[in-house]
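What the coordinates show
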Amino acid sequence: MDNMTDSLLETYLFETNSLLEQLDELLINAEKAGEFTSDDVNEIFRSMHTIKGSSAMLEFQPLMEVAHHIEDLFFFIRENGTSSLTEEQKSELFNLMFKSTDRLRADVEKVENNEPLSMNIDSFVNEINSFLNELRAEDSDGKPENAAESAQTGSSDEALQNLPDMDAPYIIHVFFEEDCGMENLRSFMLITALKDAGLEFSFIPEDVETNSDTSEIIAEQGFFLAFSAEKEAESAVKILNTTSNIRSYEVIERPCSSQKEEVSVKDQKAPSEENTSAPSPAAKQPSAAGHAKQSLISVNLSKLDQLMAIVGEIVITESMVTASPELQNVKLDSFLKSARQLRKLTDDLQDIAMSLRMVSVSGVFQKMNRIVRDMKKTLNKDVRLTIVGEDTEVDKTIVDSIGDPIMHIVRNAMDHGIEEDVQDRIDAGKPAQGEIKLSARHTGSEVIITVEDDGQGMDSDAILAKAARNGILVKPEEEYSRKEILSLLMLPGFSTNQEVTEFSGRGVGLDVVKKNVEAIGGTVTITSEKGQGSCTTLKIPLTLAIVDGMEISIGKNVFTIPIANIRQSFKAEQSDIILDAAGHEMIKCMDEFFPIVRIHNLFNMAEGYSNIEDGILIWVEASDKSYCMFVDQLLGEQQVVVKPLPSYLNNFNIKHSGISGCTILGDGNISIILDVASVYTAAQEMF
């Protein structure tokens, strides 16, 4: 049962989180429109009904209670409409719903983290009930007051007359307890128990294990088990009598499936007349739903991780076979033809495996609607959020990692960027309503995410002055460029806010953004003009598993540099090199001077060229760091499988030495993957 419980919990968390995300988006759009449509009301009612039932099944009482009372509220609204609600009541309803989804999400997070749920929900439930009672007091139609009343109509006779065609003389019609939730999974567990007893039977709906939509059908029409022999039906009854959460069942005997009117009830666990609802038109043909084609399935991320690991090993092994030194200078036409086909197939396999992990950034982007909505009310600022390119796809691991950074940037734009006084915007020739634009787009092996605002921009003088007061400047103030000044905002503990607010002023924000983005191999840059708004740009890789790299050599050693970090490579003369005040080498490129890092010196290697004219310079860039690497030669581009370093190497602080991982080359040798940002930091510390 432990495995079954884990499976149920995993399904519950996935389903509930998905429903809450959908609800947030629905609420945002409905609030913008100023009205709940009938579809919105039905969607909220169904979602809360599902959350209530599944939470009750897993005994998450607080979640069940909150969902139950919201369901009652929206049953009333569904029956009576929203046209009679005042603007104040509509506003209160929206606020109540946002608070409810927040409360449910907080409890789901506790379940995910195996933390105890707070049972203190009385005040929150009373708030929901008070609003519902207020609406009821104004309504005089005398309609049913809760969902249960409406559901308890009809008779079992009607259900029996609409039995599906099942070619069996004995049919057991099973009803689960009302609002127990996850009826499809309960049906599957019952099927498993009957099969374990060696019984042969058929059932409708047929796809209860894979199709969660059958829950609603089973809840309304019941679950059908068909047996060809009376003895097997009797054995099934014994199992049903020991199965929990079954409200009632009926054993129906009939001569054949074409004579539905000649049925008789042979046995039943409990009276069903009061509880069995008449089947709805949508539920009269469960067998049709059973044959619906499923286009989507849920897959555990760990399985995709394993798949990517295996594909990576296949790619490496294929390279080792085709690039084997033993085959060099040997002409084997049939082998070469097969090798080319193998390379094509491994490339296709690699692309497909990577695509399985690719998800759109829409989920992260849509959550920002809620951030902007809440801050608008708190800060009393009129701001709209514009989203562009939300269908852009990146690796699932990366999507999970960029949520917090984007949230920090959007909050900064709302708090710092958009002007406090609307008149200031009007005087500056801007619309009264501010705008934050969140966009994403692909550029080769990267995704560019930008957060722009049309606010007051950043005051570089104020930033520089604050940095000077904090003692974080490393050179005279007059030597800082505007780009370098804006980069100071991403240092730990830096904040220009004079007051600590709910959203900023604690010195936590952009430094977290930089740290989290760099942890996934990305970069962050800030541009801004005073009075003209600001733009924060994230450049992040599509995936962490496989990257496009440039192989370089120093002596007999081969290193790999991510292509995304390379701006240009060029030869240089000794006369092109100048020394700064500290005696460090620099070179002019694109009208700017960049420091030179000699990789063989950084890693204290005996091999490697010393004469600048013998080797080659590679201009690289990462975050706010831009410099030139001096190496022996470029070997060419190669798509490489990133292998993490052994954990014990962390004891030697190796990740801060300029090394991010390694890859295996076609000849079986290991190539160190250089971290462009930490190479520069390590070189600075060495100097």
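Here we summarise the structure given alongside this text. (Residues numbered from 1 in each chain as written. Predicted model: local features only at pLDDT ≥ 70, side-chain atom pairs only at ≥ 80, totals over all residues. Heavy atoms only, no water.)

**What to know about the nonpolar core**
The tendency in soluble globular proteins is for nonpolar side chains to be buried side by side. Under the convention used in this document: Nine residue types can take part in a nonpolar core, namely buried Ala, Val, Leu, Ile, Met, Phe, Trp, Tyr and Cys, and a core is a set of them joined through side-chain atoms within 4.5 Å. Between buried and exposed lies partly exposed: a residue is buried under 20% and exposed over 50% of the maximum accessible area for its type, with that area taken using a 1.4 Å probe on protein chains only. Starting at the N terminus, helices and strands are each numbered in turn, a helix being any DSSP run of H or I of at least four residues and a strand any DSSP run of E of at least two. Every residue pair with non-hydrogen atoms within 4.5 Å of one another is taken to be in contact.
The biggest cluster of nonpolar side chains holds 48 residues, and the ones touching the most others in it are Ile406 and Ile449. For this core, the element with the highest residue contribution is helix H15 (residues 396-417), accounting for nine residues. Residues within four places of Ile449 in sequence aside, it is in contact with Phe365, Ile402, Ile406, Leu438, Ser439, Ala440, Thr536, Thr537, Leu538 and Ile540. Among the nonpolar cores identified, the runner-up in size contains 45 residues, and Leu27, Phe76, Ile77 and Phe98 belong to it.

**Details of unusual backbone geometry**
Of note, the amide linkage connecting Ile204 to Pro205 takes the cis form, showing an omega dihedral of 0°. Among the structural elements, Pro205 can be located in the loop between strand E2 (202-204) and helix H9 (214-221). At Asn114, a residue that is not glycine, the phi angle is positive and equals roughly 60°. Mapping Asn114 onto the fold places it in the loop between helix H4 (87-112) and helix H5 (122-138). For Asn114, a relative accessible area of 72% gives the class exposed.

**Topic: the side chain of Glu419**
Here is the rule we go by: Any pair of nitrogen or oxygen atoms within 3.5 Å is treated as a polar contact; in protein, a donor-acceptor pairing is required on top of that, and neighbouring residues in sequence qualify only through side-chain atoms on both sides.
Within the fold, Glu419 resides in the loop between H15 and helix H16 (422-427). Side-chain polar atoms of Glu419 contact the side chain of Arg425, separated by 2.9 Å. A distance of 3.3 Å separates a polar atom in the side chain of Glu419 from the backbone nitrogen of Gln456. Here Glu419 is in contact with Lys381, Arg425, Lys430, Asp454, Gly455 and Gln456, once residues within four sequence places are set aside.

**Some points on the pattern of salt bridges**
Opposite charge on two side chains permits pairing when their charged atoms draw close. Just so we agree on the cut-off: Think of a salt bridge as a Lys or Arg side-chain nitrogen and an Asp or Glu carboxyl oxygen that are within 4 Å of each other.
In total, this model carries 29 salt bridges according to the counting rule given. In this structure, the salt-bridge partner of Arg105 is Asp24, at a minimum N-O distance of 3.1 Å. Here the residue Arg105 occupies a position in helix H4, and Asp24 occupies one in helix H1 (residues 2-33), the gap between them amounting to 81 residues. Using a relative accessible area of 11% as the deciding quantity, one classes Asp24 as buried. Notably, a salt bridge pairs Lys430 with Glu419, separated by 2.9 Å at the nearest N-O pair. Of the two residues, Lys430 is situated in the loop between H16 and strand E9 (434-443) and Glu419 in the loop between H15 and H16; the sequence distance between them amounts to eleven residues. Note on accessibility: Lys430 and Glu419 belong to one class, buried. In this structure, a network of salt bridges that share partners links the residues Asp24, Glu31, Asp102, Arg105, Arg370, Arg373 and Asp374.

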